[in-house]
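# An overview of the molecular structure
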Amino acid sequence: MLRATLKSLLARKLRLILSGLAVVLGVMFVSGSFVVTDTLNRTFDSIFADAFAATDVSVSAKPKVAVSELDGEEVAAPLPASAVEKIKTISGVRAATGRIDVDGARVIGSDGKVLTSQGPPRLGENWTGTDSLMEMRAGRGPSAAGEIAVNANTAELAGLTVGDKVGVLTMEPKKEFTLVGIWGYTGGRDSIGGVQEVAFTTPVAQKLMLGRADAFSSVTVDAADGVTPAQLRDRIAAAMGAEYQVRTGEQLAEESADSIQEGLAFFNQILLGFAGVALFVGIFLILNTFSIIVAQRTKELALLRAMGASRRQVIGSVLVEAVMIGLIAAVLGLAAGVGAGAGLAALFSRFADLTLASIGVPPAAVISAFVVGLLVTVVAAVLPALRASRIAPVAAMQEVSIPDRPLTRLSVFGGVVLAAGGAALGTGLFADLSGSATLWLILGGVLVSFIGVALLTPLISKPVIGLLGRLFSWSLPGRLGRLNSGRNPRRTAITAAALMVGIALVTGVTVIMDSAKSSLKAQVEESLKAQILISGDQNSSRPPTFDTAVIDKVTAISGVRAAAGLWSDLATVDGKQQYVTAAQDLSTLAEAFGTTAATLTPGQIAVDADAAEDKHWTAGQTVTVQTARGDPHTYTIANVFPAQSLPGNLILPGSVIKDLGIVQPTMGFVRLDDGVAVSSVLPQVKQLLADSPEVSATDAATFVDQQAAQFDQIITMIQILLGLAILIAILGVVNTLALSVLERTRELGLLRAVGLGRAQTMRMITVEAVVISVFGALLGVAVGAGMGTAVTRALKNDGITELVLPWDRMGTYLVLAALVGVIAAVVPAIRAARLDVLGAIAHD
């Protein structure tokens, strides 16, 4: 039986390729995710090991607000200069050097634009000379207040050479310096991990990066001979007390790598999620393939039964075939995944300017490749295997095929499954549950709903396909194609369901994003009365800022009714982290937003009504806020403003701005007097921002369009990631048609014999493919629109107040589906047209 199975498998190589290709693509996605994550993890391990290789022990003050890698850069708490002197007196210390290494030094390049960063920090440092890792490439270190040195990476990106005048943005507005030195790192490296570095003299670095004199962000300590870093760490920790963090260089490297791995793990989960969608779609393809194969092999399997093969052996035969396909697909998918992972890692390294570690294949990639490859193929082959076992031995002597069973039981079961999926989805969307429970209910509900729709698809496929097919019934090939596409509802339904999943997810996301975009525009138009906005695109962990003095200068422009800046930061409120905003004068900010509010005193705050309800806050209640700098402060809630009428959920008074992590405004709002044209004021505001190149001034309509464009970027990204699932669905159409042509060889020969030409044969196959593809897309658009509508309604209280159905995009999906059908039909149609008529008629 095993030999017969293997011979059958090898005799049908096309079937083997078509069956395994979907699994290869899915396995590639899964294993590639692990390869790219492992490679980047080892890359960052190497980067941080290099960065702290010369560090025995590092001492720093505990941050006021702990920040994860996903939330941005942590603000270093200043460490007093006296701590450096104290550390020097501890036994085992050979040397202690006060260091300033703080994110936020933004260099203005020779083109007048600020150097951006897609991940690595932009450090402002104090020059303490070169160490064992550093080497001067040109010039020297800074020795005067007006001098700086930069690493070679920064010099190259900014187009700088020694002697240039360089503008730098820090905690203070733009300052100009003379570049006196450029350094690099051993091994010919221009940076460590793509970090941009600017070195000032120590007093200048203290002022610009910490905002205070006689302070450092950390102390680097060298151990004396005979003292290990761990021993020195313990001695310093005992002497300095609990308010300081004392770590060895090895610990710093591990902690830094762990924080990066948190973000990479999230990235890996996203990739695995889309890989799961692709594999889910692949199950439909394999299920359909094995169903067709079993139908084609009816006489062969019946003959095996007549020769004594048991039902169990027939099931085993089909499953062995599935295992063989799964194994081959797993090996090929793993190889493709290694290549894809290497490509993604290389792209990431070029994007972030990293020196990539060698490409490796982690055990997780290998294990997942074989588990996924085998599991998907075997699960998909179970139902066809059971159907094959029911073939009676007498079928070997008859021209029969496995008859289609009534759809009643399948439809009832599909309805139950769909109801269960809808209930889970509704519970996840509308019930008040914990975060993880909500997520799993939503994901499970979507998955089960898809299965339910797929089970119901055969019930609706015949009437819908009959209706769609009438569009092509003006010719004989069109009528034949319509009849062929509806002759086997189960087969057509499975093929269409594979395409339905990808289209449904894209459509659902599009509905949600377009609804969010429309809601954002409506909310801004309703609440924001400012006609001019000052903002910038955030492309690093630090938001763009501008000089606080700009607000006062804008206020003085003729025709300006109110101008207000907005500060934002991550803080701890009553022990819980949340983002807060601050305004110099709340009444002015309210004026810019078309509402009224009293100015806050230093001990007062204002909170959004929705936030107050969620946290059970009331006016007069007190809350304790810890900002990135300064000490905890208790504030009284003086104003509970209407929901979304002012920016942010909690607004702090202007007195706290100096204690925020970012002490310059991140946004500005300018409201004009009635009748004053924006065009008369906007150029003046832009001129005032000449020394703040991170931001720009735009009219309100342009600003809203810029913010809304971010939703389109998300849609595009999801379309790209779901492209693999849609590609697998397209392969499913090709697969179904190709195997169908083989199954109908004799029928096609008879049609050719009675006068159907080659061109007509090709048009018949093409119509069949187009009808199936459009049916799958139509089903996907309907399901996606329904799911998107449900999610949008569930998020009504979270700001998505408007429902938008993107009819243009949904129409585009249907047109593209028709095009996909034409492309998918090319090879099967050519194959059908080239059939030898006499050979086809004699085909058994």
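Values in this document were obtained by computation on a predicted structure and should not be read as measured data. (Residues numbered from 1 in each chain as written. Predicted model: local features only at pLDDT ≥ 70, side-chain atom pairs only at ≥ 80, totals over all residues. Heavy atoms only, no water.)

## Observations regarding the overall build of the protein chain
A count of helices and strands for the protein chain gives 25 helices and 23 strands. In terms of overall dimensions, the protein chain has a C-alpha envelope of 100 × 75 × 50 Å along the principal axes. Expressed as a percentage of its 844 residues, the buried residues of the protein chain come to 51%. Here the analysis covers contacts within the protein chain between residues at least 6 apart in sequence; of these, 82% occur between residues at least 24 apart. Looking at the protein chain as shown, the accessible area adds up to about 36400 Å², and 60% of this sits on carbon and sulfur atoms. (Helix = DSSP H or I, 4+ residues; strand = E, 2+ residues; numbered from the N terminus. Buried < 20%, exposed > 50% of the residue type's maximum accessible area, 1.4 Å probe, protein only. Contact = heavy atoms within 4.5 Å. Areas by Shrake-Rupley, 256 points an atom, 1.4 Å probe, with all protein chains shown as cover.)

## Here's the deal with a nonpolar patch on the surface
Together, I367, V371, L375 and V379 make up a nonpolar patch on the protein surface, roughly 380 Å² of accessible area in all. Assignment of secondary structure puts V371 in helix α10 (residues 363-389). Classification of V371 as partly exposed rests on a relative accessible area of 46%. (Patch = residues over 30% accessible without salt bridge, like charges linked within 9 Å, V, L, I, M, F, W, Y side chains within 5 Å. Salt bridge = Lys/Arg side-chain N within 4 Å of Asp/Glu carboxyl O.)

## What about the nonpolar core?
Grouped together as the largest cluster of nonpolar side chains are 89 residues, with contacts concentrated most on F284, F450, M500, V501 and I728. Among the elements that line this core, the one with the most residues is helix α7 (residues 249-296), at 17 residues. Beyond its immediate chain neighbours, meaning those up to four positions away, F284 contacts A454, I494, A497, A498 and V501. Core analysis: the next-biggest nonpolar cluster, separate from the first, contains 45 residues, V57, L179, V204 and V246 among them. (Core = buried A, V, L, I, M, F, W, Y, C linked by side-chain atoms within 4.5 Å.)

## What about the pairing of strand β22 (residues 667-672)?
Burial runs high along β22: 5 of the 6 residues are buried. Sheet topology note: the strand β15 (residues 532-535)/β22 ladder contains 3 bridges and is antiparallel. Across the sheet, L533 pairs through a bridge with F669, a residue of β22. Across 6 bridges, the pairing between strand β16 (residues 560-573) and β22 is antiparallel. Of the residues in β22, the one forming a bridge with A564 is F669. (Pairing = 2+ DSSP bridges.)

## As for helix α24 (residues 826-833)
Among all positions of α24, only P828, A829, A832 and A833 are buried. Buried residues along α24 cover an arc of 135° about the axis, so they all sit on one side. (Arc of directions from axis to C-beta.)

## Thoughts on the sheet that holds strand β14 (residues 244-248)
Each strand in a sheet pairs with its neighbour through backbone hydrogen bonds, running either in the same direction (parallel) or in the opposite one (antiparallel). In spatial order, the strands read β3-β13-β1-β14; together these 4 strands make up an open sheet with antiparallel pairing. Each edge of the open sheet is held by one strand with a lone partner, namely β3 (93-99) and β14. Each neighbouring strand pair of the sheet contributes to a mean axis angle of 20°, computed without reference to strand direction. Across 3 bridges, the pairing between strand β1 (residues 57-61) and strand β13 (residues 218-223) is antiparallel. Looking at the pairing, V59 lines up with V219 of β13. Helix α3 (residues 81-88) contacts β1, β3, β13 and β14 of the sheet and is inclined by roughly 170° relative to β3. Sheet strands in contact with helix α6 (residues 229-240) are β1, β3, β13 and β14, and its direction is about 175° off that of β14. (Axes fitted to C-alpha atoms, helices over the stretch in contact; angles between N-to-C directions.)

## Some remarks on the pattern of salt bridges
Across all of its chains, the model carries 22 salt bridges by this definition. Across the salt bridge formed by E135 and R137, the nearest N and O atoms sit 3.6 Å from each other. We note a salt bridge from K658 to D659, for which the minimum N-O separation is 3.9 Å. Taking relative accessible area as the criterion, K658 reaches 59% and is therefore assigned exposed. Connected through shared salt-bridge partners, D514, K517, D712 and R809 make up one network.

## Quick word on unusual backbone geometry
Of note, the phi angle at H616 is positive, near 60°, even though the residue is not glycine. Following the sequence through the fold, H616 ends up in the loop between α17 (609-615) and β19 (622-626). Take H616: its relative accessible area is 65%, and that puts it in the exposed class.

## A few points about the pairing of β16
Among the 14 residues in β16, 12 count as buried, and that is most of the element. Where β16 and strand β17 (residues 576-582) come together, 7 bridges link them in antiparallel fashion. When the sheet's bridge partners are listed, S568 is paired in β17 with T581. The turn joining β16 and β17, which pair antiparallel and follow one another in sequence, is formed by 2 residues; a positive phi near 50° is taken by D574. When β16 meets β19, the two strands line up antiparallel, connected through 2 bridges.

## A few points about the packing of helix α21 (residues 745-753) against helix α22 (residues 758-794)
It is at 10 Å that the axes of α21 and α22 come closest, and there the two elements cross at 135°. In this view, α21 runs oblique relative to α22, as classed from their interaxial angle. In this structure, α21 crosses over α22, and the sense of that crossing is right-handed. Facing α21, whose interface residues are L748, L751 and R752, α22 presents R758, T761 and M764. (Parallel < 35°, antiparallel > 145°, perpendicular 65-115°, else oblique. Left-handed = near helix turned anticlockwise from the far one by under 90°.)

## Thoughts on the environment of T154
Relative to the elements of secondary structure, T154 occurs in helix α4 (residues 152-158). Between the alpha carbons of T154 and V198 there is a distance of 8.0 Å; along the sequence they are 44 residues apart. Ignoring anything within four residues of it in the chain, the contact list for T154 reads V107, L115, Q196 and E197.

## What about the side chain of S217?
Following the sequence through the fold, S217 ends up in the loop between β12 (215-216) and β13. Among the polar contacts made by the side chain of S217, one reaches the main-chain amide nitrogen of D101 at a distance of 3.0 Å. Once residues lying within four places of it in the same chain are set aside, the contact partners of S217 are S60, A76, A77, R99, I100, D101, V102 and L210. (Polar contact = N/O pair within 3.5 Å; in protein donor to acceptor, adjacent residues only side chain to side chain.)

## Thoughts on the packing of helix α14 (residues 489-527) against α22
At a closest axis distance of 6 Å, the pairing of α14 and α22 adopts a crossing angle of 35°. Crossing of α14 against α22: the hand is right-handed. Its residues assigned to classes, the contact of α14 with α22 shows 15 nonpolar, 12 polar and no charged. (Nonpolar A, V, L, I, M, F, W, Y, C, P; charged D, E, K, R; others polar.)

## Quick look at the confidence of the model for the protein chain
Residue-level pLDDT values for the protein chain average 83, and 91% of them are 70 or greater. Confidence, expressed as mean pLDDT per element, reaches its minimum in the protein chain at helix α1 (residues 2-11) with 57 and its maximum at strand β8 (residues 147-151) with 96. (pLDDT = per-residue confidence, 0-100.)

## Focus: the packing of aromatic side chains
Counted according to the given criterion, the structure contains 4 aromatic pairs. Geometrically, the ring pair formed by F44 and F48 is stacked, given 6.3 Å between the ring centres and 25° between the ring planes. Here F44 pairs with F48, and both are found in helix α2 (residues 13-51), just 4 residues apart, close to one helical turn. Assigned by exposure class, F44 and F48 land together as buried. (Phe/Tyr/Trp six-rings, centres within 6.5 Å; stacked < 30°, edge-to-face > 60°.)

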